[in-house]
Number of protein chains: 8
Amino acid sequence: MNKISIVMGSESDLGTVNEAINVLKKFKVGFDIRVLSAHRAPDNLRSYVEEAHKKGIKVFIAAAGGAAALAGVIASNTNLPVIGIPIETKALKGLDSLLSTVQMPTGVPVATMAIGKSGARNAGIFALEILAISDKKIAVKLAKHRKDMRLKVTKTKIKL
Amino acid sequence: MNKISIVMGSESDLGTVNEAINVLKKFKVGFDIRVLSAHRAPDNLRSYVEEAHKKGIKVFIAAAGGAAALAGVIASNTNLPVIGIPIETKALKGLDSLLSTVQMPTGVPVATMAIGKSGARNAGIFALEILAISDKKIAVKLAKHRKDMRLKVTKTKIKL
Amino acid sequence: MNKISIVMGSESDLGTVNEAINVLKKFKVGFDIRVLSAHRAPDNLRSYVEEAHKKGIKVFIAAAGGAAALAGVIASNTNLPVIGIPIETKALKGLDSLLSTVQMPTGVPVATMAIGKSGARNAGIFALEILAISDKKIAVKLAKHRKDMRLKVTKTKIKL
Amino acid sequence: MNKISIVMGSESDLGTVNEAINVLKKFKVGFDIRVLSAHRAPDNLRSYVEEAHKKGIKVFIAAAGGAAALAGVIASNTNLPVIGIPIETKALKGLDSLLSTVQMPTGVPVATMAIGKSGARNAGIFALEILAISDKKIAVKLAKHRKDMRLKVTKTKIKL
Amino acid sequence: MNKISIVMGSESDLGTVNEAINVLKKFKVGFDIRVLSAHRAPDNLRSYVEEAHKKGIKVFIAAAGGAAALAGVIASNTNLPVIGIPIETKALKGLDSLLSTVQMPTGVPVATMAIGKSGARNAGIFALEILAISDKKIAVKLAKHRKDMRLKVTKTKIKL
Amino acid sequence: MNKISIVMGSESDLGTVNEAINVLKKFKVGFDIRVLSAHRAPDNLRSYVEEAHKKGIKVFIAAAGGAAALAGVIASNTNLPVIGIPIETKALKGLDSLLSTVQMPTGVPVATMAIGKSGARNAGIFALEILAISDKKIAVKLAKHRKDMRLKVTKTKIKL
Amino acid sequence: MNKISIVMGSESDLGTVNEAINVLKKFKVGFDIRVLSAHRAPDNLRSYVEEAHKKGIKVFIAAAGGAAALAGVIASNTNLPVIGIPIETKALKGLDSLLSTVQMPTGVPVATMAIGKSGARNAGIFALEILAISDKKIAVKLAKHRKDMRLKVTKTKIKL
Amino acid sequence: MNKISIVMGSESDLGTVNEAINVLKKFKVGFDIRVLSAHRAPDNLRSYVEEAHKKGIKVFIAAAGGAAALAGVIASNTNLPVIGIPIETKALKGLDSLLSTVQMPTGVPVATMAIGKSGARNAGIFALEILAISDKKIAVKLAKHRKDMRLKVTKTKIKL
């Protein structure tokens, strides 16, 4: 069953969003992925979010750039946790995406990650951290993942 | 008949939005005013925008602060012109509101004004400029308004 | 008859402005296009704006970069709606163009779009939205355009 | 049992953090609250985070300002979800806190909220959204909370 | 004879511009002062600039805030040196004024000073430095002024 | 005789500074050019500035990047007008250079131009505008230069 | 003997600089304090820095705001470590001071602290950390100071 | 014996850090170099910092990008001077790294250098300036190094 929904505002965001997808694949957690724009397809987005419960969705990940309303609009239609990935933009380098995603008004939180690929990867990991609270298997895998990461860092040898 | 719809994201935006209202009152152009949040009352906002045609609305003015999705979400539900007023915010002084309002994706324009009160006043004037294209009376009043403004500036005497 | 005037500050802005032109061509709405700088050819710009009425111009679109005074100077010489496109710049990436275009003083509004190509395309669409208020044909075309856009988004299939 | 841990970098952050506390109190969800600085008391912070499991902590909320390492350092010591609140600062207004909290490297996510009080309140709500995935009671309360919020917005009457 | 022209975009800029005036008064250099907006009174501004030669104007000082086109528009109508003072603004603190004044296109320079009162005072001094090139009396006074400034700084005693 | 001194902080600034040089060459105004760093060769810089009078220098042009102290340090050693060119930098794109050049304290003005090549070209033109006040020949050439610029702009034909 | 020299660009910086002074007083380390501007009293500043060795100065602390050249100019005249404090400014809140202090060119480092009072206090502590390398007494005091700081943080009790 | 410790958050920072290494090699001062992340390997980092005394480490240099906690976390575990190098980042160009490194809270100073390679080179030089206080040989070499730098600048000949 799909536990995580990944929504992106434009097909061109896939290069960034792939970082989240790769994490979920590695952890073998099911996900549903869509291109659905808050601005260009608002009705489809709303229907999709409202139907999410039935598909077993527990967490949303939303990636958008510029005046990035996507994550906020999803959050306005659900009480499930919504994680936002600010896409790097051509002119303002994602500062616009970041502020549009993070500066949400009282009552409608979006859990915002870093701009771009690091943020996308961390969105995947954060979604897993949420699921791990009530899913021991994911918790165990996360512990191993972190240990591996630590080992990888500490084993790095600098060649001068 | 109400020709202009003014929507604000929070009651606290009224201090700013009043600048737009005062212009419309002065020009005796009808308007409809609502507090309707893209994030906190998305369904009510959508219904309101979809019904606007029937009330004779020709132009929307939307004021919001922070991750200001309001104008963009209205624009995603109508082909009527949408004018955005970025509200000045406490921490980032409206830079967040400005970027969230102006950096709209291709296909869904929001005509963005300056941050805060000047922007609100200009939103009112810009709405009148749009109406004036097919409404001679407003056009005549706008010409007079501009002349008065010019006179006021040029008559200013500096006392040293 | 030309309904829309497109003015750019420099010939090098054409790469961006083309996005607006393509929209107007697609909608078969007549337009007049000029290179006219607020700073380098102020008298020619003023004459051009003052004569615009005679040519049937209803809306101005102005594109400029850096200390982008063009849209504001046009707006200071007409009561027709002026739409501003902030051109992306080499050093400050269009933040200078954006602030110079949007932060207009009370009384002289410029309807500002996003920095760069998205903004240019949206300038074209917004001009059409203004004309559509009193032009049914354009209104019908805009409705179709939006529907197509929506379909295009919702039909996108992600290949993982 | 305490389900949520709230850590702040300095006692002076309490004015902001209270917004999160009030949400948790309203929802009657237990929480543990500490002043523990990543920079001024690193060992105490680490011990506290490592012991959190035993106290039944499921989610961390961390508030800090300036070079705000607190949320990130907590996240580096746990796989539980960490929510970051960027405190508004005197000089840079919280832009420093925001970037220090949100721009986390790959592997160590911090779910960042808005700068200041809205962010703090949303941190509380987001923590509840996480718990609600496996706690029906909280889910029901959240649904009611959102409904109330919606009603409050839509009932607002503007007096002109 | 008036050698320096001081133009400000709004009467409210006088608090800042006074710093420039005080310098010119102290040096007993004649000046002409006007409120003339590039946006609200463009024709009056142009006429004024074109007539400046006849009044013996050698240097312009222009102060404006927000989308501050004033200095640039003056510079587009004269080959006399134009000095720009970016006025501090409410929301963006003068960053908008600074970029709108300094980021001028090739061919139309504006000599930009610091934001606010320091900038205004320096605008006065810089105008005097220009005049001093062909005016020995002003050069002598400037030398004395600098010496006094130096003495004042070096004589400061810190009381702990 | 050399009338204008051009100082740059690093040899690598020449690509930008050449824009100023080309203007001066075109106008056949003599200039002296040096690489002299405020930070790496402060004594040589000071001696050079103090000797400038003897060489007939009337105006300084200074180009530097990053923590760009060069123009300010020259201005602290002379009452001749100093024009600053903020060099575009790798990380912060010249925003650092701009603020370090323009935000001068009371008493020591630097006439700041735009970041990069436009700024360099305008530095040359502004230096000529200063000299033109007491040099008819340069004034006549400047008038012609501006006319040519205007013609060039207005003759631009857009090919669609 | 005075081991540390504190230089500030303006008497008005004393409110900030006092934070550094209080640290040095508490540690009973001798210091010399001056108002000496890089821009308004360059010769006095240079002489002072060149004579510093004779007074036993080991470390410089320099505080300045805006186009803050002070720390950099000191660093250009000595090989002793120079610590920079960016003063908070009225318009740009110290972002100008920070970039002017930290973005030094290759070869002339300035050890930059945070904007304002925290930065001033830390400048004092950092100067002590430098001295402590070859002064056991200061090292012992620093260890105690840190322990006290840690205790103070961990003993904070939150009253809800 | 190794006197300086260089720590970087990621192997990819080596391109920048090499600038510091080259300075230390040229001065023949011993150094220890590690990849140790505050976020991904916090325990290893802490152990390493606590053991540094035994290896004769006198100064730390820490390089990190984004939410750059590395230098601050080292500083929270030692009283030795810590020098921070903000790494240039893809999206925000190192502004995030700079603010995360420099805006440290009271009591835990990080001596911050410029963003990127200049900052790395200066980190090496600043570390040497600290050691030179109690090491005559390094002081002599530094004096020579500065003289060479000065000569190199002043000998630059511009070819036009």
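Now for a description of the structure that goes with this document. (Residues numbered from 1 in each chain as written. Chains lettered and ligands numbered in written order. Predicted model: local features only at pLDDT ≥ 70, side-chain atom pairs only at ≥ 80, totals over all residues. Heavy atoms only, no water.)

### As for the overall build of chain A
For chain A, the helix and strand inventory stands at 6 helices and 5 strands. Secondary structure elements in chain A, listed N-terminal to C-terminal, are β-α-β-α-β-α-β-α-β-α-α. Against the compact-globule benchmark of 15 Å for 160 residues, chain A has a radius of gyration of 16 Å, which places it among compact chains. In terms of overall dimensions, chain A has a C-alpha envelope of 50 × 40 × 30 Å along the principal axes. Taking all 160 residues of chain A together, the buried fraction comes to 67%. Long-range contacts, defined as pairs at least 24 residues apart, comprise 65% of the intrachain contacts of chain A with a sequence gap of at least 6. (Helix = DSSP H or I, 4+ residues; strand = E, 2+ residues; numbered from the N terminus. Rg over C-alpha atoms; globule rule 2.2 N^0.38 Å. Buried < 20%, exposed > 50% of the residue type's maximum accessible area, 1.4 Å probe, protein only. Contact = heavy atoms within 4.5 Å.)

### Considerations on helix α4 (residues 95–102) of chain A
The buried fraction of α4(A) amounts to 7 of the 8 residues, a majority that puts the element mostly inside the structure. Restricting attention to buried positions, one finds in α4(A) the residues D96(A), S97(A), L98(A), L99(A), S100(A), T101(A) and V102(A).

### As for the packing of aromatic side chains
This structure, assessed with the given rule, holds 4 aromatic pairs over all chains. Pairing F126(A) with F126(D) gives two aromatic rings, centres 6.3 Å apart and planes at 20 degrees, and the pair type is stacked. Placement of F126(A) in helix α5 (residues 117–132) and of F126(D) in helix α5 (residues 117–132) is noted, with the two residues assigned to different chains. A relative accessible area of 0% means that F126(A) is categorised as buried. (Phe/Tyr/Trp six-rings, centres within 6.5 Å; stacked < 30°, edge-to-face > 60°.)

### Observations regarding the relation of the copies chain D and chain A
Overlay of chain D on chain A (RMSD 0.0 Å): rotation 180 degrees, translation along the axis 0.0 Å. Interpreted geometrically, this transformation is the action of a two-fold axis. Take the interface residues of chain D: 100% of them recur as interface residues in chain A, which is what a same-surface contact looks like. (Least-squares fit on C-alpha atoms with pLDDT ≥ 70 in both.)

### Topic: the relation of the copies chain A and chain H
When chain A is brought onto chain H, the operation consists of a screw motion whose angular component is 90 degrees and whose axial shift is 0.0 Å, with 0.0 Å RMSD remaining. Expressed as a symmetry operation, the mapping of one chain copy onto the other fits a four-fold axis.

### Remarks on the arrangement of the chains
Taking C-alpha atoms only, the smallest gap left between chain D and chain F, which are not in contact, amounts to 16 Å. With respect to C-alpha atoms, chain C approaches chain G no nearer than 16 Å, and the pair has no contact.

### Considering the interface of chain A and chain H
Taken together, the contact pairs 13 residues of chain A with 20 residues of chain H. On the surface where chain A and chain H come into contact, there are 2 residue pairs in polar contact (both at pLDDT 80 or more). Residue classes in the side of chain A that touches chain H are distributed as 6 nonpolar, 2 polar and 5 charged. (Polar contact = N/O pair within 3.5 Å; in protein donor to acceptor, adjacent residues only side chain to side chain. Nonpolar A, V, L, I, M, F, W, Y, C, P; charged D, E, K, R; others polar.)

### A word on helix α6 (residues 136–155) of chain C
Counted at 1.5 Å a residue, the expected span for α6(C) with its 20 residues is 28 Å, and the 29 Å between its end C-alpha atoms agrees. Residues of α6(C) that are buried sit in contact with β2 (31–35) and α2 (42–51) of chain A, α3 (70–75) of chain B together with α1 (14–26) and α5 (117–132) of chain C. Taking the backbone nitrogen of K137(C) as reference, a side-chain oxygen 3.1 Å away marks D135(C) as the first, capping residue of α6(C). (Expected span 1.5 Å × (residues − 1).)

### What about the interface of chain D and chain A?
Contact with chain D, which involves 40 residues of that partner, is made by 40 residues of chain A. Interface area, chain D with chain A, both sides summed: about 3,300 Å², of which 59% is carbon and sulfur. The largest contributions to the chain D side of the interface with chain A come from N79(D), P109(D) and I133(D), which together make up 20% of the buried area. Across the contact surface, chain D and chain A share 0 salt bridges. Linking chain D with chain A are 23 residue pairs in polar contact (both at pLDDT 80 or more), by the criterion used here. Breaking the side of chain D that touches chain A down by element, the ones donating at least two residues are α4 (95–102), β5 (111–112), α5 and α6 (136–155) of chain D. When residues of the side of chain D that touches chain A are assigned to their parent elements, the largest contribution, 7 residues, is made by α5(D). Among the residues making up the side of chain D that touches chain A, the classes are represented as 24 nonpolar, 11 polar and 5 charged. (Buried area = accessible area lost by both parts, 1.4 Å probe. Salt bridge = Lys/Arg side-chain N within 4 Å of Asp/Glu carboxyl O.)

### With respect to the pairing of strand β4 (residues 82–86) of chain H
Residue and element names in this part refer to chain H. Counting buried residues along β4, 5 of its 5 residues qualify, which places the element largely inside the surrounding structure. Of the crossover connections in this fold, the one passing from strand β3 (residues 59–64) over helix α3 (residues 70–75) to the parallel β4 is right-handed. Looking at chain direction, β4 and strand β5 (residues 111–112) are connected through 2 bridges and run parallel. Pairing of I83 across the sheet is with A111, part of β5. One crossover worth recording links β4 to the parallel β5 by way of helix α4 (residues 95–102), and it is right-handed. (Right-handed = clockwise from strand over helix to strand, strands pointing away. Pairing = 2+ DSSP bridges.)

### Some words on the pairing of strand β1 (residues 4–8) of chain G
Residues and elements named next belong to chain G. The buried fraction of β1 is high, at 5 of 5 residues. Where burial is concerned, the two faces of β1 agree: the one with I4, I6 and M8 and the one with S5 and V7 are both buried. Two elements, β1 and strand β2 (residues 31–35), share 5 bridges in a ladder whose sense is parallel. Considered in β2, the bridge of I4 is made with F31. In the classification by handedness, the crossover that spans β1, the intervening helix α1 (residues 14–26) and the parallel β2 is right-handed. As paired elements, β1 and strand β3 (residues 59–64) share 5 bridges and run parallel to each other. The partner of S5 across the bridge, within β3, is F60.

### Let's talk about unusual backbone geometry
In the Ramachandran plot, K28(C) falls in the positive-phi region, its phi being about 55 degrees despite a non-glycine side chain. For K28(C), the location among the structural elements is in the loop between α1 and β2 (31–35).

### So, the packing of α4(A) against helix α4 (residues 95–102) of chain B
Close contact between α4(A) and α4(B) brings their axes to 9 Å; oriented N to C, the two are set at 105 degrees. In terms of their interaxial angle, α4(A) and α4(B) are classed as roughly perpendicular. From α4(A), D96(A), L99(A) and S100(A) reach across to α4(B), where they touch D96(B), L99(B) and S100(B). Of the residues that constitute the contact of α4(A) with α4(B), the class distribution is 2 nonpolar, 2 polar and 2 charged. (Axes fitted to C-alpha atoms, helices over the stretch in contact; angles between N-to-C directions. Parallel < 35°, antiparallel > 145°, perpendicular 65-115°, else oblique.)

### Considering the side chain of R46(D)
Locating R46(D) in the fold gives a position in helix α2 (residues 42–51). Since its relative accessible area comes to 15%, R46(D) is described here as buried. Beyond its immediate stretch of four places on either side in the chain, R46(D) contacts N77(D), D43(H) and R46(H).

### Observations concerning the pattern of salt bridges
Summed over the entire model, instances satisfying the criterion amount to 72 salt bridges over all chains. Between D148(D) and K144(D) there is a salt bridge, and its shortest N-O distance comes to 2.8 Å. With a gap of 4 residues between them, D148(D) and K144(D) both fall in helix α6, about one helical turn apart. A relative accessible area of 52% means that K144(D) is categorised as exposed. Of the charged contacts, one joins D43(F) and R46(F) as a salt bridge, the two residues approaching to 3.2 Å between their closest N and O atoms. Of this pair, D43(F) and R46(F) both sit in helix α2 (residues 42–51), separated by 3 residues, roughly a single helical turn.

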